[in-house]
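Listed below are the residues making up each chain.
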Amino acid sequence: MLFTIFGATGDLTTKKLIPALYHLFEEEQLPTPFTIVCVGRRRYETEQFVELIRSKIEGDYPHWEDFCTNLHYLSMDFSSEANFDIFKNYVDAMHLSTNGQKIYYLATAPHYFPIIARALIVTHMLNRGDMRSKIVFEKPFGENLETAKAYNRLLLESIEESQVYRIDHYLGKEMLQNILTVRFANKIFESIWNHENIESVKIIALESESVKQRGGYYDRSGALKDMVQNHLFQTLALVAMDAPMGLSDTLIKNEKVEVLEHLQVSNDIIFGQYAGYLQEKDIPEDSKTETFVALKAYVNSQRWRNTPFYLITGKKMSRKLAEIVITFKDATCFFERGQPEKNTLTIEIFPREGIILKFNGKAPGLWSYTMPMHLDYCHLCNIIGNSPEAYEKLILDVIHDDASLFTRWDEIENSWKVIDEIERLKAFEPLHVYYSESEMLDIVNKKWGL
Ligand SMILES: NC(=O)c1ccc[n+]([C@@H]2O[C@H](COP(=O)([O-])OP(=O)(O)OC[C@H]3O[C@@H](n4cnc5c(N)ncnc54)[C@H](OP(=O)(O)O)[C@@H]3O)[C@@H](O)[C@H]2O)c1
């Protein structure tokens, strides 16, 4: 197998891709023999690159030396298609088996996607119908609906849809995969999963990090394109979709598309930019890019009539947190001592993976006081060893030709339609400069009482 990473000196490769490939190697999940070619712009020898990566990744890597005998670094500017002859010659000189898989992973900003894809097609490194050659695109696929359509057209003119993998690593997360199981493997949830019983759904993804060295990428993207168009919309689609006729990949995606097609965002959107953003590397001094966004959306369907879905995400928050909170409507009975609180079902995605159900019961003792109680399921506590990282799962799925946890073109197309609409509204909304998480969450709470 030849596994090529374009964008190999980037944050994603260091933090996620190399560790994921290493763990798959350690678990003997990679096809053998395998070669990993890391393509970046900076000038390094392979040994220097390997040392640099090792110095940046935390944890125990007892078989690192063995793993690295399969790893190579190539310095190349991929903004020009002409340079791809360098890449082809480099790979040809390795005399790899012609029977092995070839996976090209684009860990780059989206505007490089068409250049790299076209060059791979033109140099016949990626050929239509050769199911052993596959191309993986990081999110976001495109920069808006128009560019996404153009990239997709370019691909499908030359290769098969089944050779294309559009990644959204949220879908590889254990608790995202668990949403459908919890919903459809239990009688108790599905029957109350609708506007008659659910008051609101909140999907929140907070990051403590700033843009760090990724200003060049982030400023063209912002929170809307970096988080909402992909991770948050995909999460919403899983929570809101109707039960599919069967649990096949196609049927599930059809239902998700139904949700995205009927998604409508209310006009009052909250945008923020953290104080100090304009001083970050590669950020224009007058940038209006949002690093925080909170929005209220509705799914126009029978099931979700008038039910608000709140989506909240931001950088430079005080913590890293991702969770879904489903709040149920008030109980109808009146209790003399202690009014019942609203039931909530919280699906925790990060830092803990778990599910908490809050319900009401009688307080212990002589008197009949109502008090809130929690059923608490910790997902990680119940499995032996570490939960696999999303990227391990997704890379393995690419190797095994399994696209079920990757996004289909119509999911992306419908997501971009909504994002383009929000982008148009953005010009009319204030951009709050914030110093802390609480400042932005206070604005959200004042507006929507969350
Ligand atoms: N970082 C994350 O945690 C994360 C998570 C999920 C998805 N993603 C997605 O992954 C993609 C990459 O993100 P990232 O954070 O890794 O970005 P990044 O840190 O900015 O890295 C970008 C990479 O592209 C390379 N590059 C840029 N222009 C180049 C050129 N003309 N020729 C050759 N190489 C060039 C850079 O090389 P040099 O540094 O050598 O210039 C670097 O290796 C984005 O689409 C992002 O949305 C990232």
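Summarised in this report is the structure supplied together with it.

Each value, and the rule that gives it
By convention here, each chain's residues receive numbers from 1 onward along its written sequence. Residues qualify for local features only when their pLDDT is at least 70, as the model is predicted, and side-chain atom pairs are given and counted only at 80 or more; totals for whole chains, interfaces and linings, by contrast, use all residues. Side-chain numbers here rest on the full set of heavy atoms in the structure, without hydrogens or water. Here is the rule: rings of Phe, Tyr and Trp (six-membered ring for Trp) pair when centre to centre is within 6.5 Å. Planes less than 30 degrees apart are stacked, more than 60 are edge-to-face, and the remainder are tilted. Comment: elements are numbered from the N terminus, with helices defined as DSSP H or I runs of at least four residues and strands as E runs of at least two. Think of it in three bands: residues with accessible area under 20% of the maximum for their type are buried, residues over 50% are exposed, and the middle band is partly exposed, with areas taken using a 1.4 Å probe on protein chains only. Whether a charge lies above a ring is judged from NZ of Lys or CZ of Arg, which has to be within 6 Å of the ring centre and within 35 degrees of the ring normal. Here Asp and Glu are counted as negative and Lys and Arg as positive; His is not counted, and neither are the chain ends. Salt bridge, as used here, is a side-chain nitrogen of Lys or Arg placed within 4 Å of a carboxyl oxygen of Asp or Glu. In this description, contact between two residues means that some pair of their heavy atoms is separated by no more than 4.5 Å.

Taken as a whole and assessed by the stated rule, the structure comprises 32 aromatic pairs. Each ring, one from Phe6 and one from Phe84, has its centre 5.8 Å from the other, and the planes form 40°; the classification is tilted. Linking Phe6 in strand 1 (residues 2–6) with Phe84 in helix 4 (residues 84–92), this pair joins segments that are 78 residues apart in sequence. Taking the relative accessible area as the measure of exposure, Phe6 reaches 0% and is therefore buried. The class of Phe84 is buried, set by a relative accessible area of 0%. One aromatic cluster is present, formed by Phe6, Phe78, Phe84, Phe87, Tyr104 and Tyr112 through successive ring pairs. Seen from the ring of Phe141, Arg166 lies directly overhead, with NZ or CZ sitting 5.3 Å from the centre. When the ring centre of Phe350 is taken as reference, the NZ or CZ atom of Lys320 above it lies at 4.5 Å.

This paragraph deals with the side chain of Asp420. Inspection of the secondary structure assignment puts Asp420 in helix 12 (residues 409–426). Although Asp420 is buried, it forms no salt bridge, and the closest oppositely charged side chain is Arg424 at an N-O distance of 5.3 Å. When residues no more than four places from it in sequence are discounted, the contact partners of Asp420 are Asn144 and Leu145.

Keep in mind that these numbers describe shape and distance, not what the molecule does.
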